[in-house]
Amino acid sequence: MRLFLLVLTFGLGLAAPAGADDYASAISGYRRAHGLSAVKSDGRLAAVALKQARAMASTGHRANLLMAGARRVGVASVANPKSPYRKFWALVITD
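Please read these numbers as outputs of a predicted model, since none were measured by experiment.

Undergrad: Can you walk me through the side chain of Ser 83 in this structure?
TA: Checked against the element boundaries, Ser 83 lands in the loop between strand 2 (72-79) and strand 3 (87-94). Residue Ser 83 is classed as buried on the basis of its relative accessible area of 8%. One polar contact links the side chain of Ser 83 to the main-chain amide nitrogen of Tyr 85, over a distance of 3.0 Å.

See the structure below:
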């Protein structure tokens, strides 16, 4: 089964940090505020994230919506009135 995760969105209410360590620091602060441990930057995971971001920027979203073999789709949204983003969407499409 091929599975395409098109959108993974999370809103932390954070200003956009400059680099990977800044992101990890901001996410860690958010996690600590909720009683969780800190995270650290991982170069291998950053490479995977960069590959996904490039795919999304170039062709990923439209190409997946028009995927010839697609037979099933799942779409969901969750409202969060406390977030500045208000609503979070995710779409998963597969054959």
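Undergrad: Just to check I follow, could you spell out helix 1 (residues 20-33) for this structure?
TA: Residue pairs three or four apart in sequence face the same way in an α-helix, which turns once every 3.6 residues. Look at helix 1: 20 Å from first C-alpha to last across 14 residues, which is about the 20 Å you get at 1.5 Å a residue. At the C-terminal side of helix 1, Gly 35 shows a positive phi close to 75°.

Undergrad: How do you make sense of the packing of aromatic side chains when you look at a structure like this?
TA: Any aromatic ring pair is given by two values, namely how distant the centres are and how the planes are angled relative to each other. Summed over the entire model, instances satisfying the criterion amount to one aromatic pair. Ring geometry for Tyr 85 and Phe 88: centres 6.2 Å apart, planes at 70°, overall edge-to-face. Here Phe 88 falls in the buried class, since its relative accessible area comes to 15%.

Undergrad: Looking at this model, I keep getting lost on the environment of Val 73. Mind explaining?
TA: Take Val 73: it is sitting in strand 2. Overall, the relative accessible area of 55% leaves Val 73 in the exposed class. A sequence separation of 22 residues divides Val 73 from Asp 95, and the C-alpha atoms of the two residues are 8.7 Å apart.

Undergrad: Help me out: how do you make sense of unusual backbone geometry in this one?
TA: Most peptide bonds take the trans configuration, and most residues that are not glycine carry a negative phi. Although it is not a glycine, Arg 86 adopts a positive phi angle of roughly 65°. You can see Arg 86 is positioned in the loop between strand 2 and strand 3.

Conventions used here
- Numbering of residues starts from 1 in each chain and follows the order in which that chain's sequence is written.
- Owing to the predicted nature of the model, reporting of local features is limited to residues with pLDDT of at least 70; listing and counting of side-chain atom pairs is limited to 80 or more, with chain, interface and lining totals taken over all residues.
- Computation of side-chain values: all heavy atoms of the structure, hydrogens and water removed.
- Only DSSP runs of H or I reaching four residues or more are called helices, and only runs of E reaching two or more are called strands; each is numbered from the N terminus.
- Think of it in three bands: residues with accessible area under 20% of the maximum for their type are buried, residues over 50% are exposed, and the middle band is partly exposed, with areas taken using a 1.4 Å probe on protein chains only.
- N or O atoms within 3.5 Å of each other form a polar contact, as long as, within protein, one can give a hydrogen and the other can take it, and as long as residues adjacent in sequence are counted only when both atoms are side-chain atoms.
- To estimate how far a helix should extend, the number of its residues minus one is multiplied by 1.5 Å.
- When two rings of Phe, Tyr or Trp (its six-membered ring) have centres within 6.5 Å they constitute a pair, described as stacked for plane angles under 30 degrees, edge-to-face for angles over 60, and tilted for the intermediate range.

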